[in-house]
Amino acid sequence: MASTQARMTARARARAAQQKALADRKRRDEANMGSLTAFFTAAEQIDAATLAMARALDDIRAREGTLGAAASLAGITTGKARKLLAVLAAADTESTEDATTSKAATIDSVTEVEPTTSRG
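Basis of the calculations
Each chain has its residues counted from 1, following the order in which its sequence is written. Only residues with pLDDT of 70 or above have their local features reported here, since the model is predicted, and side-chain atom pairs are shown and tallied only from 80 upward, although totals for entire chains, interfaces and linings are computed over all residues. Side-chain figures throughout are based on the complete set of non-hydrogen atoms in the structure, without hydrogens or water. Residues with no salt bridge and a relative accessible area higher than 30% make up the patches, which join like charges within 9 Å and nonpolar side chains (Val, Leu, Ile, Met, Phe, Trp, Tyr) within 5 Å. Only the protein chains shown count as cover for residues, and all accessible areas are computed by the Shrake-Rupley method using a 1.4 Å probe. Here, a salt bridge means any side-chain nitrogen of Lys or Arg that lies within 4 Å of a carboxyl oxygen of Asp or Glu. Helical segments are the DSSP runs of H or I of at least four residues, strand segments are the runs of E of at least two, and each set is numbered from the N terminus. Note on exposure labels: buried denotes an accessible area under 20% of the residue type's maximum, exposed denotes more than 50%, and partly exposed covers the range between, all computed with a 1.4 Å probe on protein chains only. The arc in question is traced by the directions running from the helix axis to the C-beta atoms. Pairs of N or O atoms are called polar contacts if they sit within 3.5 Å, as long as, within protein, a hydrogen donor faces a hydrogen acceptor (for residues adjacent in sequence, only side-chain-to-side-chain pairs). Here, nonpolar core refers to any group of buried Ala, Val, Leu, Ile, Met, Phe, Trp, Tyr and Cys residues whose side-chain atoms link them within 4.5 Å. Only heavy atoms enter the contact rule, under which two residues are in contact if any of them lie within 4.5 Å. Classification of ring pairs uses Phe, Tyr and Trp, with its six-membered ring standing for Trp, and accepts pairs whose centres are within 6.5 Å; under 30 degrees between planes counts as stacked, over 60 as edge-to-face, and the remaining range as tilted. As a per-residue measure, pLDDT tells how confident the predictor is, with possible values from 0 to 100.

**With respect to a nonpolar patch on the surface**
Okay, step 1: There is a patch of nonpolar side chains on the surface, built from Met-33, Leu-36, Phe-39 and Phe-40 and spanning about 450 Å² of accessible area.
Okay, step 2: With respect to the element layout, Leu-36 can be found in helix 1 (residues 2–64).

Below you can see the structure in the form of structure tokens.
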């Protein structure tokens with residue numbers, strides 16, 4: 001009977017340890033979700049700020065005539081200026097692709113119309 005009692009006590013301890021481990025994991029997961037939310041929110045803000053910097057630098061370059069002059073005014077290296085303008089070019093490409101996709105969907109949804117001929 002002693003061995004039966006010992007097995008029951010061991011099982012109870014194992015269940016308690018497993019429940020504690022699960023509770024600890026749940027607490028860590030909840031804390032991690034909060035941290036990940038903060039992380040991705042900050043990343044989105046950084047992306048938006050970088051795009052705003054790139055647009056401002058492009059405006060300066062258009063007024064000053066050269067990227068070197070724009071970089072000098074902004075107090076950054078020409079290499080950093082090129083990287084910012086690459087971000088701007090990528091953003092413009094994405095917006096163009098989005099517009100093209102949207103336009104294609106609109107064209108596909110239009111019913112076919114008989115072509116008109118000009119008489120003149």
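**Here's the deal with the pattern of salt bridges**
Okay, step 1: On inspection of all chains with the given rule, the structure shows 4 salt bridges.
Okay, step 2: Arg-27 is the salt-bridge partner of Asp-24, the closest N and O atoms lying 2.2 Å from each other. Within this pair, Asp-24 and its partner Arg-27 are both found in helix 1, separated by 3 residues, close to a single helical turn.
Okay, step 3: Residue Arg-25 pairs with Asp-29 through a salt bridge whose shortest N-O separation is 2.9 Å. Residue Arg-25 and its partner Asp-29 are both found in helix 1; the two are separated by 4 residues, about one turn of the helix.
Okay, step 4: The exposure class of Arg-25 is partly exposed, given its relative accessible area of 37%.
Okay, step 5: Overall, Asp-29 belongs to the partly exposed group, its relative accessible area being 36%.
Okay, step 6: Beyond isolated ion pairs, a larger network of salt bridges with shared partners links Lys-20, Asp-24 and Arg-27.

**So, helix 2 (residues 67–74)**
Okay, step 1: Among the residues of helix 2, Leu-67, Ala-70 and Ala-71 are the ones counted as buried. Across the axial projection of helix 2, the buried residues extend over an arc of 100°, all falling on one side. Away from its buried face by more than 90 degrees, helix 2 exposes Ser-72 and Leu-73.
Okay, step 2: Among the residues of helix 2, the N-terminal cap falls to Thr-66, whose side-chain oxygen and the backbone nitrogen of Ala-69 are separated by 3.1 Å.
Okay, step 3: Directly after helix 2, the chain includes Gly-75, whose backbone phi takes a positive value near 75°.

**Re the nonpolar core**
Okay, step 1: With 11 residues, the main nonpolar core is built from Leu-51, Ala-54, Leu-57, Leu-67, Ala-70, Ala-71, Ala-81, Leu-84, Leu-85, Leu-88 and Ala-91.
Okay, step 2: The set of elements that each furnish at least two residues to this core consists of helix 1, helix 2 and helix 3 (78–109).
Okay, step 3: Per-element accounting of this core gives the leading share, 5 residues, to helix 3.
Okay, step 4: Leu-51 has contacts with Val-87, Leu-88 and Ala-91, leaving out every residue within four places of it along the chain.

**Considerations on the packing of aromatic side chains**
Okay, step 1: Here the structure, examined in full by the defined rule, presents 1 aromatic pair.
Okay, step 2: A ring pair is formed by Phe-39 and Phe-40, whose centres lie 5.1 Å apart and whose planes are at 85°; its orientation type is edge-to-face.
Okay, step 3: Overall, Phe-40 belongs to the partly exposed group, its relative accessible area being 48%.

**Side note on the confidence of the model for the protein chain**
Detail in the predicted coordinates should be disregarded across regions flagged by low pLDDT.
Okay, step 1: Per-residue pLDDT for the protein chain has a mean of 85; in total, 81% of the residues score no lower than 70.
Okay, step 2: Of all secondary-structure elements in the protein chain, the lowest mean pLDDT belongs to helix 3, at 77, while helix 2 reaches the highest, 96.
Okay, step 3: Under a pLDDT of 50 for its full length, residues 106–115 has, in the predicted model, 0 contacts with residues more than four places off or in other chains.

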